[in-house]
Amino acid sequence: MTSQPTDILESLLTSTHRLTRIAAQETGRTTSPAVWRTLSILTTDGDLRVGDLARASRVSQPTMTKLVRGLADDELVKRIADTDDSRAWLIAITAKGTAALTEWRGQLADSLGDLFADLDDDDWDVLERATRLLASRFGTRADVRADSEAVFA
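First things first, this report covers the structure right here in the doc. Just so we're clear, the structure is a prediction, and the values are computed from it rather than from any experiment.

Cut-off values and rules
- Residues numbered from 1 in each chain as written.
- Predicted model: local features only at pLDDT ≥ 70, side-chain atom pairs only at ≥ 80, totals over all residues.
- Heavy atoms only, no water.
- Helix = DSSP H or I, 4+ residues; strand = E, 2+ residues; numbered from the N terminus.
- Buried < 20%, exposed > 50% of the residue type's maximum accessible area, 1.4 Å probe, protein only.
- Phe/Tyr/Trp six-rings, centres within 6.5 Å; stacked < 30°, edge-to-face > 60°.
- Lys NZ or Arg CZ within 6 Å of the ring centre and 35° of its normal.
- Patch = residues over 30% accessible without salt bridge, like charges linked within 9 Å, V, L, I, M, F, W, Y side chains within 5 Å.
- Areas by Shrake-Rupley, 256 points an atom, 1.4 Å probe, with all protein chains shown as cover.
- Salt bridge = Lys/Arg side-chain N within 4 Å of Asp/Glu carboxyl O.
- Lys, Arg positive; Asp, Glu negative; His and termini not counted.
- Charge placed at Lys NZ, Arg CZ, Asp CG, Glu CD.
- Expected span 1.5 Å × (residues − 1).
- Polar contact = N/O pair within 3.5 Å; in protein donor to acceptor, adjacent residues only side chain to side chain.

Secondary structure assignment for the chain yields six helices and two strands. Reading the helices (α) and strands (β) of the chain from amino to carboxyl end gives α-α-α-α-β-β-α-α. Counting over 153 residues, the chain shows a buried share of 28%.

Structure, rendered in C-alpha cells:
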C-alpha cells in the first residue's frame, strides 16, 4: 500500500525536526535555536524589517527586537537603511553572521556522521535527490547547495 502525500509530508517534517534536534544536542552547543533560525531566514529571504523577520520566525516583534539586538551586539547582523522607506530599517546578516551559520551547519552535519555511516552510494543519491527536490520547493536562491543546507535551516 502506497502512503498518502500528507502522510509522507508529515513523516518528513517529523524526521527533519528530530534530525535537527539530535544534531544540535550532539554538538553540545547551547546557542538558542532562535539565533540560527533568524540567521537562516536572513540568508534565504534577504534583508527584512524586524516585524517581517518576526513573522517569518513566528515570534512576537518584541521578542525579535531583543534577539536582533543581541545578534547586532555580536556583529552577526546589522541594521541598514530601507531604500523604500527612509524612516525604516532592515536587518541584514553580516559576513560574521554568515560564517557563524555556515560553521553551525557544518557542526550539525558532522555530528550526524555516525548515524549515517552505514549508507551506501545509492542511499546518498536518494538523500541528495530529496535535498534538491526540497530546495526547489522553497523558492530560495538558486545557489542552495545540494549538501542539505535546507535541512538545517
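With that out of the way, let us pick up the packing of aromatic side chains. Scanning the model with the defined rule gives two aromatic pairs in all. Plain terms: the ring middles of W36 and W104 are 4.9 Å apart, the flat faces sit at 10° to each other, and that makes the pair stacked. One end of the pair, W36, is in helix α2 (residues 33-45); the other, W104, is in helix α5 (residues 95-111), with 68 residues separating them in the sequence. Ring geometry for F116 against W124: centres 6.3 Å apart, planes inclined by 45°, an arrangement best described as tilted. Over the ring of W89 we find R79; its NZ or CZ atom is 4.2 Å from the centre of that ring.

This next bit is on a negative patch on the surface. A cluster of acidic side chains, namely D118, D120, D121, D122, D123 and D125, defines a negative patch on the protein surface. Here D118 shows up in the loop between α5 and α6 (121-137).

Moving on, we get to the environment of S32. Tracing the backbone shows S32 in the loop between α1 (5-27) and α2. Its relative accessible area of 34% is what places S32 among the partly exposed residues. Considered as a pair, S32 and L67 are 35 residues apart in the sequence and their alpha carbons are 10.0 Å apart.

Turning our eyes to something else, we now look at α2. A rise of 1.5 Å per residue sets the reference length of α2, with its 13 residues, at 18 Å; its end C-alpha atoms lie 18 Å apart and thus fit the reference within 8%. Listed as buried for α2 are A34, V35, W36, T38, L39, S40, I41, L42 and T43. The N-terminus of α2 is capped by S32, whose side-chain oxygen sits 3.1 Å from the backbone nitrogen of A34. Where α2 ends, the next residue or the one after it, G46, has phi of about 85°, a positive value.

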